[in-house]
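Read off the chains here:
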Amino acid sequence: MGLFSRRKTIFVDSDILVIGGGMAGCGATYESRYWGRDLKIVCVEKANIERSGAVAQGLYAINCYMGMQWDENQPEDHVRYARNDLMGLVREDLGYDIARHVDATVHKFEEWGLPMMKDPKTGRYLREGKWQIMIHGESYKPIVAEAARKAATEIYNRIMITHLLMDKSKANRVAGAVGFNVRTGDYYVFRAKAVIVCAGGASHIFKPRAVGEGMGRTWYAPWSSASAYALPILAGAKMTQMENRIVLTRFKDGYGPVGAYFLHLKTYTENAYGNEYETTWYEHTKEIVGDYVDRHPVPTCLRNHAFLEEVKAGRGPIRMVTKEAFQDPHLETVGWENFLGMTIAQAVVWASQNIDPKHINPELTTSEPYVMGSHATCSGAWASGPEDYAPSEYQWGYNRMMTVDGLFGAGDTIGGTAHKFSSGSFTEGRIAAKAAVNYVNDLGKELPQVSEDEYEKLKTVVFQPMENYRIGRNEIVGGTVSPSYLLPLHGLQRLEKIMDEYVGGISSHYTTNSVLLDRGLELLGMLKEDLEHSGAEDLHQLQRAWELQHRTLASECVTQHTMFREETRWPGYYYRADHPKLDDTDWHCFTLSQYDRNTGEWGMEKAPVYHIVD
Ligand SMILES: Cc1cc2nc3c(=O)[nH]c(=O)nc-3n(C[C@H](O)[C@H](O)[C@H](O)COP(=O)(O)OP(=O)(O)OC[C@H]3O[C@@H](n4cnc5c(N)ncnc54)[C@H](O)[C@@H]3O)c2cc1C
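All residue numbers refer to positions counted from 1 along the written sequence of the respective chain. Local features in this predicted model are restricted to residues of pLDDT 70 or higher, and side-chain atom pairs are both shown and tallied only at a pLDDT of 80 or more, whereas totals for entire chains, interfaces and linings draw on every residue. With hydrogens and water excluded, all non-hydrogen atoms of the structure serve as input to the side-chain values.

### A look at the pattern of salt bridges
Quick reminder of the rule: Throughout this description, the term salt bridge denotes a Lys or Arg side-chain nitrogen within 4 Å of a carboxyl oxygen of Asp or Glu. Strands are runs of DSSP state E lasting at least 2 residues, helices are runs of H or I lasting at least 4, and numbering of each runs from the N terminus. Only protein chains enter the accessibility calculation, which uses a 1.4 Å probe. A residue is then buried if its area is under 20% of the maximum for its type, exposed if over 50%, and partly exposed in between.
Scanning the model with the defined rule gives 42 salt bridges in all. For the salt bridge of K528 with E556, the shortest nitrogen-to-oxygen distance reads 2.6 Å. In this pair, K528 sits in helix α15 (residues 514-531) while E556 sits in helix α16 (residues 539-564), placing the two residues 28 residues apart along the sequence. Residue classification places E556 among the buried positions, given a relative accessible area of 8%. D584 is the partner of R569 in a salt bridge, and the nearest nitrogen-oxygen pair spans 2.6 Å. Taken together, the positions of R569 in the loop between α16 and β17 (575-576) and D584 in helix α17 (residues 584-587) put the pair 15 residues apart, joining distant regions of the chain. Among the residues examined, D584 registers a relative accessible area of 32% and is labelled partly exposed. A cluster of three or more residues bridged by salt bridges with shared partners is formed by D97, R100, D388, R400, K420 and E428.

The structure is reproduced here in C-alpha cells:
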C-alpha cells in the first residue's frame, strides 16, 4: 500500500511536448522554438538525447538528400523512387513535403559541425548512391542533440512515457502524457497544449535471429520499443500500413549495412556456387507481382524475394563478393570504416569468426521483420497532409496532425512515407513542429485540461508491475520466477514467438495465412490478459514491462492489418499464402485501423492512394 503514496508526482506544463528525442524529436524541438519564440517547449526522452535513438552510435551516410542546389534530384524524383520501392503505395503529399525541405536540414547539420565528405573534384557532397551522401558521422547524434538542447525550454532525460492524457471535455483531444523516471521512480505528469510523438520504430516484436548469447543484437535499435505506435493507438489515432513490416538483407550475425558495399565499393552477391541468382527468379516474381518487377531500381522487397527463393532452393548461403573490391586499399579502408562509424559489432563478428573480407566473401542473411515508418517501409500513424499539396481527403487539420486533435508525429511514427531516413525524420519533426505551433496559437482560450482522476488512476497502473512483484516474490520458485507474475523477458519471448510463428517471421519464411493470423490474435489476446500480471523487480524492469506493453499492442495492430490486406503486395517482406499474388484491383489502397480502448475492438477500413506526381 505504501508504494503508491510514497511516490512523488512531478507536474510539468508546456505548450508543446515532444515525446522522444531522437532524430525527429530533435527536429521538432529545434523548429518549435523557431516558430514559437515565447512558447514553452519540452522534450522528454527515455534515454539521454545525447546518444539516443536509432542514430545513437552514428551513421556513415545521410540517406535522403536531393542535391537541388546542383540540380541532382528534384522532390518529385524522390516521390517516384519511394512509390516504386513500396510497390505503388505511398502518401505522395507527405513524401513530397519532406523531399522539398530535406536539403535545408542537411545544410544545417553541416553548419552545426557535422563533417561531410566532399568530392575533391566538384566540391559537392560525396554521393554514395542517387540519394545518399557520405558523412563522418560518429558524432551525428550529439551534434543534432545540441541544437535541440539549445532550443528547448527543458529537456527531461530518463523518463519513459507510458500513456497519453486526453482532454477532460473533448474526448478526441490530447492534453499531455504521463511516465516515470527510470532512475528515481518519480511519476511525471506532462500537461501540454500539443504533443508531438517521435518515439521511433519497433524492434523485438518478431523473434530475432540472434537469440541466447546473441540476444539484443538486432538490426533496428533494440530500444525502439513501439511506443511511437502504442501511444497513439491507445489514444484512438488511426494507423496505416502497419502490415508493411521491413526485412533487411544484411551481413550475417552482425547486421552490418550493405548500402556502401553495393553502391560505393561496387560489390555484388552470388549464391553458394558463385552464380548470380536474381535473374533466375524473374519469371517467378513476375507471376506474383506483374510489371512491378520491371521497375528500376528493383523494389527492395523483390530483391529480398529472390534471395529467399534461392536459399529455399538449397543454393545458399548467399555471399557478398568483397574479395575483388578489397584489393584496393582505399576501398578496403572504406569497407571497414563503414562499420566502425555505425555498426562496430559487424567488424567484431568478422574478427571473431576469422572472416577477412579481402580473402573470404562474407555471408548475408535476411533479418527478422521490424515495424517502422522512416526506412524502406511505411508503417505508422495516419496524418493530415500539407495544405498546399495534399488532396482534400488527406487533410483534416494541421500538417502531420493525427486523427486525434493536437496530436502530431514525425519520423518512424508517421505512416505512408518511406525513405525519409535520418535527415527526412529530422525534417518531418520540423514540419510537424511548425504546424503544432500554429495549432497552439490558434487554440485561444480553449485550452485542454487534464483530469486528475485520469492521471491518478494511471499512476496506479504504471507502477502496478512493481506491486505485482512485491507481492508475488513471496512465492518465488527459482531465481526471480514466481507463479504470480510474468517477467518482462518471458513476456517478450512469448510475444516474439507468437509473431514469428503466426504473423510471418523468420521460422515460417515470412509466410502466414488467415488461419494462422486468427490463432495469432487469440494468443496475443491471452498475452495481453497476462500482462496485467507482469512483475518488475526494479525500475529497469518496470521500463522493460512498459516497453513490452507497447510492443504487444503494436503487434496486435500489425496482425490486424496483415489479416485485413488480402494479397501479397511485398513478397520478400511477407507472404499471405492464402492470397499469394499482388492484387491491384482490390488492394491499391492504404489500410487503416482504429483501436477502441474501451472495448478492445479494432475497426479496419481502406483509404485511397492518390498519385499526385506523374
Ligand atoms: C541500423 C540502422 C542503420 C541506419 N542507417 C541509416 C543511414 O545510413 N542513413 C540514414 O540517413 N538513416 C539511417 N537509419 C535510419 C534512421 O536512423 C532513422 O530513420 C531515424 O533515426 C528515425 O528517427 P526517429 O526520431 O523516428 O526515431 P529515433 O531516432 O530512433 O528516435 C526515437 C527516440 O524516442 C525515444 N523513445 C522511445 N520510446 C520512448 C518513450 N516511451 N518515452 C520517451 N522516449 C522514448 C528513443 O529513446 C529515441 O531517442 C538507420 C537506422 C538503423 C537502425
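### Some thoughts on the site of the ligand
The test is simple: Here a residue is near a molecule or strand as soon as one of its heavy atoms is found within 4 Å of it. Think of a polar contact as two N or O atoms within 3.5 Å of one another; within protein, one of them needs to be a possible hydrogen donor and the other a possible acceptor, and neighboring residues in sequence only count if both atoms come from side chains. Residue burial considers only the protein chains on display, and all accessible areas are found by Shrake-Rupley using a 1.4 Å probe. Residue classes follow a fixed rule: Ala, Val, Leu, Ile, Met, Phe, Trp, Tyr, Cys and Pro count as nonpolar, while Asp, Glu, Lys and Arg count as charged, and any other residue, Gly among them, counts as polar.
Contacts to the ligand come from 33 residues, most closely from A24, E45, A61, S374 and S422. A distance of 3.1 Å is found between an oxygen atom of the ligand and a backbone nitrogen or oxygen belonging to M23. Between F421 and the ligand, the recorded distance is 3.4 Å, taken from a backbone N or O atom to an oxygen atom. Here the ligand, which alone exposes 1,000 Å², has 96% of that area covered by the protein. Grouping the amino acids of the shell around the ligand by side-chain chemistry returns 18 nonpolar, twelve polar and three charged.

### Structural notes on helix α8 (residues 282-289)
Basically, it comes down to this: Of all possible arcs, the one meant is that of the directions from the helix axis to the C-beta atoms.
Of all the positions in α8, only T285, I288 and V289 are classed as buried. Relative to the axis of α8, the buried residues are bounded by an arc of 75° and lie together on one face. Across α8 from its buried face, at more than 90 degrees, point the exposed residues E283 and E287. Of the residues trailing α8, G290 is marked for its positive phi of about 65°.

### Observations concerning the pairing of strand β7 (residues 174-181)
So the rule is basically this: Any two strands between which DSSP finds at least two bridges are classified as paired.
Extensive coverage of β7 is indicated by the burial of eight of its eight residues. The pairing of β7 with strand β8 (residues 187-197) spans five bridges and is antiparallel. By the bridge assignment, V178 is partnered in β8 with V189. Where β7 folds back on β8, the antiparallel hairpin that results is connected by five residues, among which G185 adopts a positive phi of roughly 80°.

### What to know about the sheet that holds strand β18 (residues 589-596)
To be explicit about the condition: Here a residue-residue contact requires only that any non-hydrogen atoms of the pair lie within 4.5 Å. Here the axes come from fitting lines to C-alpha atoms, over the contacting stretch only for helices, and the angles between their N-to-C directions go from 0 to 180 degrees.
Strand order in this open sheet of four strands is β14-β9-β18-β19, and the pairing throughout is antiparallel. Here the strands that pair on one side only, and so sit at the sheet edges, are β14 (380-381) and β19 (601-608). As paired strands, strand β9 (residues 239-240) and β14 are joined by two bridges and run antiparallel to one another. Across the sheet, the residue bridging to T240 is G380, located in β14. Against the sheet, α16 makes contact with β9, β18 and β19, and its axis sits at roughly 55° relative to β19, the strand it touches most.

### Focus on a nonpolar patch on the surface
Inclusion rule: Patches here: salt-bridge-free residues with over 30% relative accessible area, like charges joined within 9 Å, nonpolar side chains (Val, Leu, Ile, Met, Phe, Trp, Tyr) joined within 5 Å.
A cluster of nonpolar residues, L340, I344 and V348, forms a patch on the protein surface that exposes about 260 Å² of accessible area. For V348, the position within the fold is in helix α11 (residues 344-352).

### Some details on the pairing of strand β1 (residues 9-19)
Regular strands show a simple pattern: their side chains alternate between the two faces of the sheet. Examined bridge by bridge, β1 and β8 share ten bridges and lie parallel to one another. Counterpart to F11 in the pairing with β8 is V189. Here four bridges tie β1 to strand β2 (residues 41-44), and the two strands are oriented parallel to one another. For V18, the partnering residue across the bridge sits in β2 and is C43.

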